[in-house]
Amino acid sequence: MTAENSLSRLDDDDYPAYTMGRAAEMLGTTQGFLRAIGEARLITPLRSAGGHRRYSRYQLRIAARARELVDQGTPIEAACRIVILEDQLEEAQRINAEHRRAAESANPTAAP
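The paragraphs below set out a description of the structure included in this document. Predicted, not measured: the structure shown is a model, and the values here were computed from it. (Residues numbered from 1 in each chain as written. Predicted model: local features only at pLDDT ≥ 70, side-chain atom pairs only at ≥ 80, totals over all residues. Heavy atoms only, no water.)

## Regarding the side chain of S56
Here is the rule we go by: By the criteria applied, helices consist of DSSP H or I runs no shorter than four residues and strands consist of E runs no shorter than two, each listed in order from the N terminus. The buried label goes to any residue with under 20% of its type's maximum accessible area, the exposed label to any with over 50%, and the partly exposed label to all in between, with areas taken from a 1.4 Å probe on protein chains only.
Take S56: it is sitting in the loop between β3 (53-55) and α4 (57-71). Judged by its relative accessible area of 3%, S56 falls in the buried class.

Right, dumping it as structure tokens:
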């Protein structure tokens, strides 16, 4: 991998740049919390060549949202389910907006 390729990954939200220890430190949580949300299938960390868990910025944002809910007293399994449903809703809303824009551009005289 060239230096240029490595630098381009700095902007990639899906690049697994963070070790479990660093991810836990950044989130202000424990490695056990990260393992628990992995077991609940909220996030699936990638593995390094040596088998160590690696997390992306996107995964850390998801984990941070789960931590907020857990800190508010939500059980971890429920927090993970809530975050998954929030993510699905956001994606559905994005798709609906795209379809709406496409329909409006195809028929600009139609009333919204």
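And the narrative resumes.
## Considerations on the pattern of salt bridges
Side chains that carry opposite charge are capable of pairing whenever their charged atoms lie near each other. Heads up, the condition is: Salt-bridge detection follows one rule: a side-chain nitrogen of Lys or Arg within 4 Å of a carboxyl oxygen of Asp or Glu.
Counting across every chain of the model gives eight salt bridges. The partner of E86 in a salt bridge is R65, with the nearest N and O atoms 2.8 Å apart. One end of the pair, E86, is in helix α5 (residues 76-106); the other, R65, is in helix α4, with 21 residues separating them in the sequence. Here R94 and E91 are joined by a salt bridge, their closest N and O atoms 2.5 Å apart. Separated by three residues within a single helix, R94 and E91 lie in helix α5, roughly one turn from each other. A relative accessible area of 39% means that R94 is categorised as partly exposed. Residue E91 is classed as partly exposed on the basis of its relative accessible area, which comes to 36%. One network of salt bridges, in which partners are shared, links D13, R57 and R61.

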